[in-house]
Amino acid sequence: MNNVVKFSAVNTKIQSMSGKLLKDEDYKKIISLKSTREIAAYLRDNTFYGEFFKDVDLSNIHRDELERHLKQGLISHMDKLIHYFNGNYRSFFKCFYMKYEIYDLKKAARMVHIDKSYSNLRENLVFAGKYRYIDVEAIIKAKSLAEIIYALEGTVYEPFLKNLIDGNEDESLFRFEMALDRAFFSIMEENVKKLDKRDQRAFFELYGSYIDMLNLQWIYRGKKYYNLTPEELFNYTINRGLKFNYVKIKEFCYSRDIQDFINKTKDTPYSFMFKENETQEIFMERRMNRYMYFKTKYAKQRFKLDLSVVIAYMDLIEFEIKDIISMIENVRYGMNFEETKKYLIKAI
Amino acid sequence: MAVEKMEMINIIGQMDEVDDVAKNIILSSSVHMMNAITEINQNNFPILKAQDNVDALLDFNYIKQYNSQKNLQEIQRKVEGILDIFEIKRKVKLKYLNDEYDFKDDVNEINNLYEVVREKYERVNRLHEENNDIEKLEQYLRYISHVNINLDEVLDMKYIKMKFGIIPKYNVDKLKKNYENISSIVFKVYSDIDIAVVMAFIPKPVEIEVDRVLMSLNFDELKINVKFKGTPSNWINMLNERKEEIKREIHSIRSELSEIKSKNFKKIEMYYSRLIMEFKIEELKSYIACTNEFFYLTGWIPFFKKRNLMKRLEKNHKNLIVIFKETKDLREGLNPPTCLKNGYLLTPFQSIVKMYGIPSYNELDPTAFVGISYMLLFGAMFGDVGQGLVLFLIGEILNRFKRRPNLGGVLARLGISSTIFGFLYGSVFGYEDIINALVVRPMEDINLMLIAAIVLGIVLLSIGYLYNFVNSYKRKDVENGIFSRNGVVGLSFYWLILYYIAARILNKETFLSSETIIVILIMLLIIMVLKEPLANLVKGIRPLYSESVADYYIEEGFGILETLLSLLSNTLSFIRVGAFAINHVGLFIAFATLAKMMANNVESVATMVLGNIIIIGLEGLIVFIQGLRLEYYELFSKYFSGTGYEYNPCCISSYLDNIKKGLVSKIIKKQNTLVSVE
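Residues numbered from 1 in each chain as written. Chains lettered and ligands numbered in written order. Predicted model: local features only at pLDDT ≥ 70, side-chain atom pairs only at ≥ 80, totals over all residues.

So, on to the confidence of the model for chain B. Residues and elements named next belong to chain B. Residues at a pLDDT of 70 or more form 92% of chain B, whose mean pLDDT is 81. Considering only residues more than four positions removed or in separate chains, one finds that residues 654-678, a stretch of pLDDT under 50, has 11 contacts. Model confidence for the complex is summarised by a pTM of 0.59, with the ipTM given as 0.70. (pLDDT = per-residue confidence, 0-100. Contact = placed C-beta atoms within 7 Å.)

Below, the structure is given as C-alpha cells:
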C-alpha cells in the first residue's frame, strides 16, 4: 500500500489531536498551583485529560490515582490511532504498546523489590494485559522479583527473563529492567522487519538514538555500580542503535574504567549525558528524555508520510504525562518555578 | 405463542435454611434473580405487608448484601484433580441432586479419595517428567551421535567442564562478535531459525565468570542427571531402555488407578454434580440480601412455573414467607424479563427474533409471524422437493447430533416448506419432468411469479402494520400507532395509493374520482407531517413540540420524502422472492446444460450432483440471507423494537451450557476477587 494512502488519514488525525497537547501557558499555570487537588482540577477543567476523571471526587485525590487517570489518557490515544492500521502495521502498533506494559512491569518490580509494598500493585498496573496477554492476577500476588518472572511464564518476555531467577538479588532489579528493554527492542525488531523499508528507517531513526542512550546508560551504570564484566555488559546491550555499531559498543564495554568510558563518549552526540558534575546522575534520565523530546518534536513537525509522525506523537504524549507527574511531585516538595523547570522534559 | 405473564416473587426465610431454599429454586429452574438489595432500596420489597412474621422485620435496618464466606476453590481443585486423573467427563446428573444430602459429608469423602489417589498420580507425573528429560537429552545426543568418544569421560574431565544448552538465535550473533573475549570453547552442534544448540567447554578456574556471561546470553543449560558409560550412541540405547522401564511402570500404576476408578465412578460423578450445585447456590446467593437471621430474595417467575416452585418449597420449608406481586402493582420503570413460549413448530424461530432483539415485556412476540412468513418466503424462493428434503435432513442432523437446536430446527422447518413449494412448482432436484406442477412452473410464467411476490409482500407488510397497531395500543402510543407512517394513517395511505395505482394500470374506474383520491392522499401526508403536535393534542400534553418548531418541520419534510421512497422500496423489495424462485431454476438450467456437454453419463451425473450441492449450499445460503433481510429490514423496522431482556432462570442446565462456553472460569475468577476483597 502506498504511504500516502496509509498515513495521510492518521497523520491528519494526529495533527488535530496535537491541538490538545498542553501549551507552555498550561505548564506555567500548573507549576504555580499549590496542591495535587488543584492540579487535578485544572487538568479536568482545561485540558483533554479531564475526560478520564471527570466523575472522580477530587477532594482528596492522591498523586498515584491522578497518575493512573493520566495514563488512561495515553491508552485512549493508542486506541484511537490503532484503528488506522491493519495487518503488519497493526501488529507493530500492538507491539509498540509493550513499551507501556514494560513500564508497568518495571514499576511493579520496583514496588516489590525495593518498597516491599504489595497492597496496591493492582492499581499500578494500568497498561498490563491490554493488548498482549499477561496474567495480571499472578503478578499482583508476586512477593518477589523471581515470582514476577514466574508470573510472566509463557509470555513473550519469558525467554529474556528466565535466566535472571537465580542471579543474585542485589543486581537482579537492574538486570530485570535492562532485560525488559532488550525484550522490547528485539521483539520490536522482529515486527519492524515486516514493515516497508521506509518505515523501518523512520523507526530506527527515532528509536535508534534511544537505543544508543539506553546502551550508554546501561554500560555506565553496570560499570559504576555493579562491576559487571565487559562480556556481560556487551551481551545485554541492544542491537540496531543509530550511531554505534557493535565494534563501537564493544569498545565502550571494554573501556578500562569509568573515566575512560566517559572520555570515549565525548566525541559522540550523546556527550550531554555525562556532564561530570553532581547533576549527572539525577538528570541523566531527564536529559535522555529531553533529547528524545526534541527529536520527536522535530519528526512531528517535519510531518513526513511515514511511521515517524505516529511514533513521535505517542512519545510526545508520554513525555507530557511524565512532565505532569514531575510537576505534581515538585509542587508537593514546594519547589519554585526555576527549580521545577529543571526536572521537566519539555523546555519552557 | 406469546410473551409469558410474569410475576415478581419475594421470599423471606431464615438464614440457616438459605442453602436448601436456594437448591430448590435452582432445581425448579424457574426464577430469574434480581438483586434484592436494589429492590429493597427502591422500596419495592413488600416487607411491610408481611405482618404475620414480625421477627423478619426486627433487624430489617441491618440489612446488607449477602457476602459469601464459603471457599470452594480447595475442594474444586481436588474434584477437578480426581476427574483429570480418572479422565471422567464432566457431567452434571440431576439424580444426584434431588435427594437430601449434606455437602460437608461429601467434602470429607472427597478429601479421603483425593489423598489415596494423589500419591500414585504424583508418581506418574514424576515419571512423565523423567521421560521428558530423557527425551530431551536423547535429542541433544543425537546431534553428536557420530562422535566416537566416551561421553562419561568428557563429563568427568578434571580441568574442563562441559555444558550442553540452547542459546536463542539473536544472542548467537552477540557471542560470535565477542568470541575472542570469552575464555571457553563454544561449539555449535545444531541451529535453526530460533535457537542454536551449543556445547561449551569451560576451564574450571573461570567457570563462574563464564557462567555469568553465558547466563547473560540466555543460555539454557541442559542438566544431565543420568550417567552411563560409552559413546553418545551407547547412551542413546541406554536411555531407550530406561524409557521402556518408565512406560511399564506408568502402565502398572494406571491399571491400579483404573481399579479405584471403577469402584468409585458413580461417586465421583456425584461429587462433581454436587460441587457444581454448590457453585450455583453461591451464584444465586450473590443476589440475595440478608440480616443476621433472615435472608431476602427477589426475582421474576413466569406464571406457569409458579405452582411447581410452590410445591417444592412447601414440601421442604414451613417457615418461608413467599409473596407474589403482579406486574401491574410494580413501580414504574421496572420491566420484567421476557419469557417467550411458542409451539413446537415455531420455537426455533425465536432465535431469529433474538438475534435482532428480545421483545420487551409488553410487546407482541413476533415469533409466530416471523416463523410463518420466513417459511413462506424461503419456500417460495427455494421450492424443490429433493433439495428441501436434503435441507430438512441437514437440519435434523444438526439438531440431534451436533446439538445446534436453533440452527438445525430452523433449517429443518425451512426444508419442509421448501419441499411443499417443490410440489407446487413441480421440481425434484431441479428436474421438472418427474412430477407435475400443482400451481405453476416459475420459469414459464415469470410475470405471474413477480406479481405474486409483490402481492405476498403487500400482505406481509400489512400484517406488520397490524402488529404495530397492537404494540402501540399496548404502549398507549398514539403518535406511533395512529399518526405516524407506520400507524393507521400510514396504512390507509399505503392501501389507497396501491389501489389508485392498480386501478390506473388496469384502467378500471375508481370508486372515487381520481382528484378526490389525490386530495385524500395529500391530506394523509399532511397528517403524517403533523404527527407529534396532533398526538400531543389528543393526549393533552403541552408543549406540542419536543424540539424547536423549525427543526421539527424540516425533519418531517424530509420524512415525507423518505416515507414515499420507503413505501415504494419496501414493497418492491419483495420482488426478490419471485426473482429468486426464477433464479433457482436458472441456476439449475446452467448445470443441466453443462451436464449435457459432458462426454459420458458418469460425468454428467457427477456434474448434476455437484450442481445440486452448489445450489443447496450457495443458493440456499443466499436465499436464507435474503429472507432474513426481508424479515429484519422490511418488516421488523415497522413494528418491532426489541428492547426487552431475556428471562434467564437460575438453573443447573444453563450452568452446563456455560461450561461449554468456558464461562466457569469467569465465575470462579469472580469468586477469587471476592475472596481477595475480603
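Time to look at the sheet that holds strand β5 (residues 160-168) of chain B. Residue and element names in this part refer to chain B. Spatial ordering of the open sheet is given by β6-β7-β5-β8, a layout of 4 strands whose pairing is antiparallel. With partners counted over all chains shown, the strands left at the sheet margins are β6 (185-191) and β8 (220-221), one partner each. Examined bridge by bridge, β5 and β8 share 2 bridges and lie antiparallel to one another. Opposite Ile166, over in β8, you have Asp220 as the bridge partner. (Pairing = 2+ DSSP bridges. Helix = DSSP H or I, 4+ residues; strand = E, 2+ residues; numbered from the N terminus.)

Residue and element names in this part refer to chain B. Examined bridge by bridge, β5 and strand β7 (residues 195-203) share 9 bridges and lie antiparallel to one another. Paired with Ile167 across the strands is Ala196, a residue of β7. With 6 bridges joining them, β6 and β7 adopt antiparallel strand pairing. Within the sheet, the bridge partner assigned to Tyr190 lies in β7 and is Val197. Hairpin connection from β6 to β7: 3 residues lie between these consecutive antiparallel strands.

With 14 residues of chain A at the contact, the number on the chain B side is 15 residues. When residues of the side of chain A that touches chain B are traced back to their parent elements, those giving at least two are α10 (158-161), α13 (230-236) and α14 (246-253) of chain A. Here the residues of the side of chain A that touches chain B sort into 6 nonpolar, 5 polar and 3 charged. (Nonpolar A, V, L, I, M, F, W, Y, C, P; charged D, E, K, R; others polar.)

With that out of the way, let us pick up the nonpolar core. Residues and elements named next belong to chain A. Formed by 77 residues in total, the largest nonpolar core has its most connected members in Ile139, Ile148, Leu161, Ala179, Ile219 and Val310. Per element, the largest residue contribution to this core is 12 residues, and it comes from helix α12 (residues 197-226). In contact with Ala179, other than residues within four places in its own chain, are Phe160, Leu161 and Leu164. (Core = buried A, V, L, I, M, F, W, Y, C linked by C-beta atoms within 7 Å. Buried ≥ 20, exposed ≤ 12 C-beta atoms within 10 Å, placed from the backbone.)

Let us now look at the environment of Ala109 of chain A. Residues and elements named next belong to chain A. Secondary-structure assignment places Ala109 in helix α6 (residues 98-115). Here the alpha-carbon distance between Ala109 and Glu177, two residues 68 residues apart in the chain, equals 8.7 Å. Contact partners of Ala109, with chain neighbours within four places excluded, come to Leu145, Ile148, Leu173 and Phe176.

Notably, Asn227 of chain A is not glycine yet its phi reads approximately 50°, a positive angle. Locating Asn227 of chain A in the fold gives a position in the loop between α12 and α13. What makes Asn227 of chain A exposed here is the crowd of 8 C-beta atoms within 10 Å. The backbone of Asn507 of chain B shows a phi angle near 60°, a positive value even though the residue is not glycine.

Below, the discussion takes up the packing of helix α6 (residues 103-143) of chain B against helix α10 (residues 232-285) of chain B. Residue and element names in this part refer to chain B. At a minimum axis separation of 8 Å, α6 and α10 run at an interaxial angle of 160°. Relative to α10, the element α6 lies roughly antiparallel. Seen from above, α6 lies across α10 with left-handed handedness. Split into classes, the residues belonging to the contact of α6 with α10 amount to 20 nonpolar, 2 polar and 12 charged. (Axes fitted to C-alpha atoms, helices over the stretch in contact; angles between N-to-C directions. Parallel < 35°, antiparallel > 145°, perpendicular 65-115°, else oblique. Left-handed = near helix turned anticlockwise from the far one by under 90°.)

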